[in-house]
Structure formats: structure tokens, C-alpha cells
Amino acid sequence: MRILITGGAGYVGSAALRHIKAAGHEVLAYDNLSEGHAASVDGAPLVVGDIADTGLLTQTMQEFEAEAVMHFAASTNVGESTVDPDLYYRNNVEGTRSVLNAMRGAGVRRLLFSSTCSTYGFAGAGKPMDENTPQIPMNPYACSKMAVEWMIRDFADAYGFGFTLLRYFNASGACPSGRFGEAHNPETHLIPLIFQVALGQRDGIKIFGTDYDTPDGTCIRDYVHVDDLASAHLLAIEATEAETRAAYNIGTGRGYSVKEVIAACEAACGHPIAAQEAPRRAGDPDVLVAAPAKIKAELGWAPKYQSLSEIVETAWAWHQAHSNGYTGAE
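Turning next to unusual backbone geometry. The peptide bond linking Asn-185 to Pro-186 adopts the cis configuration, its omega dihedral lying at 5 degrees. Counting through the fold element by element, Pro-186 comes out in the loop between β7 (170-172) and α6 (190-198). You will see that Asp-42, though not glycine, has its phi angle at about 55 degrees, which is positive. As for its position among the elements, Asp-42 is in the loop between β2 (26-31) and β3 (46-48). In this structure Asp-42 comes out as partly exposed when scored by relative accessible area, which is 32%. A positive phi is found at Glu-65, a non-glycine position, where the angle reads about 60 degrees. When you line up the elements, Glu-65 lands in the loop between α2 (54-64) and β4 (68-71).

The following block contains the structure:
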């Protein structure tokens, strides 16, 4: 299959690209490199362009003779979305409309969309969340992703293409080869922030809230290795046909608290990590854990990385070798 991947130079998008390429499919990354890194596509074809450029996107799909699109390109910082919602509706909603119209122009009839568990909001907090959990997004980022899901359904029904929506939990870890990993600027994800402390790049990690209804008082989240996400994307795109209307949650089904994550990172790097307790952040639920039974049953997916220690060890290997991310690699 010939698959065009928007956001194909990003953290999750590039992991999916490399995984799909290794499985024998032809891939092309389309990325404006505002957040992505050319080095992460590992020599695969890369077109530098914005998803808002419908003409270039349509032309690229046509020239590549794309048979499917995997759509990762999006703005994803929850905090930023609350102060600049215009950016999120413009990039995520209007950007996706451009992708869908490019697909129409190029005659591409299969789409896989990178969505998020954030669309559930607090609806399923405290118990494993399946695909029937009510979607009640609580911030502009999540609302924009939810709006895109609605738009995809409407376009699919009206214009005749199939789609799969993948709502995943906390993407984490790095390629076991140590060559590819997580590099955001600014960084907002817990595991990379902890390892920045370990590398002397920040003074300490803040624990936002220690009075949650959890065993140690800190928030619990489901961490899924980026390569396991990539394998789910491969299975999903291979199963998506022009009639498909599917949605799956992707997570391990096991949650870990902030303190447990810090302890796992300490074990990986071999020394204590300075941490400071801080007040709760608004909008943080106690527990967010996936119920991934549907994707396991229907697509045969199973996470290779079953423990947090395995995940953080791959992340630590990457951050040790690439303390400045991809800087100098391009």
C-alpha cells in the first residue's frame, strides 16, 4: 500500500512511518517541520509543506499515487490551547478539512486519524475507559480533536471513504535502537521532563497535586510505548477499507502514578531525581487508564512493552545519547 503520512516527521507519526515502511509498505511523510524533525523519517521521502496548503497536499497525493492517508499533523499542547484556541481550531479542524478535501481531489478513500483519549474528558475517569465512554472534552485541544472526529464521519458519509480513529493514551518511550525518540520544544511530557532533571537541564520535576484519590495521592496515567502505538497504526491502516467506520482506544490497560514514574526513571538512570510538590493543576482527573479490549479482539493488537520500567529504559537511552534532541542530526 502507498501511504501518505501527515505529521510524518513528528514523534508518533515518524514511529508509525518507520514501522509501516519496515512492514513493506511505501510511505511518504508530509510535514511542515514546525514540530517534526527530518532526521526522524530515517531516509523516507519527505515533502515539506503545511496541511493548510490543500493544493500542494492534493498534488503530493496524486504524484505519490497515495492509496491511504494517516493523519497525525496537529497542535497538541493542552495548556497552549487554553490561551490560544484559535490556533487549535485553525490547525486541527481547518487543517484536517484541508486534508479531507485533498483526499477528495486525489481520489484517496482510506483514512486513519490520530485522535486522543482527551476527548473523553472526565467521563470515564477512575475506571478503564472503553470506546463507549461518553466523549465530553474539557479543553480546546480535546474539543478540536472531537470536532475533527465529527467532521471525518460527515465527510466519509457524504463523499464515500473509510476511516479508523485511534484514541490513544500517553505516548512514551523511544526506539530501542536509541536512534529515534521524543524531542519537543517546549517539552511538556512527564518522562522527558524527568530525564531533563537527570541530565542537569532543569532543577527538578514538579508533582502537581499529592491529594488525589489514588494510593500515593498522585495522578495515575496509562503509558503506552510509541512502538506499540506504531504497531497499532499498521494493523489499523491495513484493516481500513472504503466502508470502514471504526474507533479504538490504545493503551496498556495499566496505570502508573506520577511518583511511580519518577521512581522508574530513577531506577533507569541510577540516581535520585529532585522533585517538588506543587498545587493541583485545573482539569487533571485522578485516573485515566485505557480499556483496550476492542483493538485486541478486532485487530489482534497487543503491546510488546508491558511494564513501565521497559518503557522508561528506552527513553533514558535516547535522552542520554541525544540530550539536545535531534539538534545537529539534520
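From this point on, the discussion continues.
A few words now on the nonpolar core. Of all hydrophobic cores here, the largest spans 34 residues; its most connected members are Val-12, Met-70, Leu-166, Ile-250 and Ile-295. For this core, the elements supplying multiple residues, two or more each, are β1 (2-6), α1 (11-22), β2, β4, β6 (162-168), α7 (226-239), β10 (245-250) and α9 (293-299). Sorting elements by how many residues they give to this core places α7 first, with 7 residues. Residues within four places of Val-12 in sequence aside, it is in contact with Phe-72, Tyr-168, Ala-171, Val-226, Leu-229 and His-233. Listed in part, the 28 residues of the second largest apolar core include Tyr-30, Ala-73, Val-93 and Val-99.

So, on to the pattern of salt bridges. Counted under the stated rule, the structure contains 9 salt bridges. A salt bridge links Arg-2 to Glu-26; its shortest N-O distance comes to 2.6 Å. Taken together, the positions of Arg-2 in strand β1 and Glu-26 in strand β2 put the pair 24 residues apart, joining distant regions of the chain. Where Arg-110 meets Glu-241, a salt bridge forms, and the shortest distance between an N and an O atom there is 3.8 Å. Separated by 131 residues along the polypeptide, Arg-110 in strand β5 (residues 110-116) and Glu-241 in the loop between α7 and β10 bring together distant segments of the chain. Judged by its relative accessible area of 17%, Arg-110 is buried. You can call Glu-241 partly exposed: its relative accessible area is 39%. Each of Glu-149, Arg-153 and Arg-167 takes part in a single network of salt bridges with overlapping partners.

So, how was this worked out
- Residues numbered from 1 in each chain as written.
- Predicted model: local features only at pLDDT ≥ 70, side-chain atom pairs only at ≥ 80, totals over all residues.
- Heavy atoms only, no water.
- Helix = DSSP H or I, 4+ residues; strand = E, 2+ residues; numbered from the N terminus.
- Buried < 20%, exposed > 50% of the residue type's maximum accessible area, 1.4 Å probe, protein only.
- Core = buried A, V, L, I, M, F, W, Y, C linked by side-chain atoms within 4.5 Å.
- Contact = heavy atoms within 4.5 Å.
- Salt bridge = Lys/Arg side-chain N within 4 Å of Asp/Glu carboxyl O.

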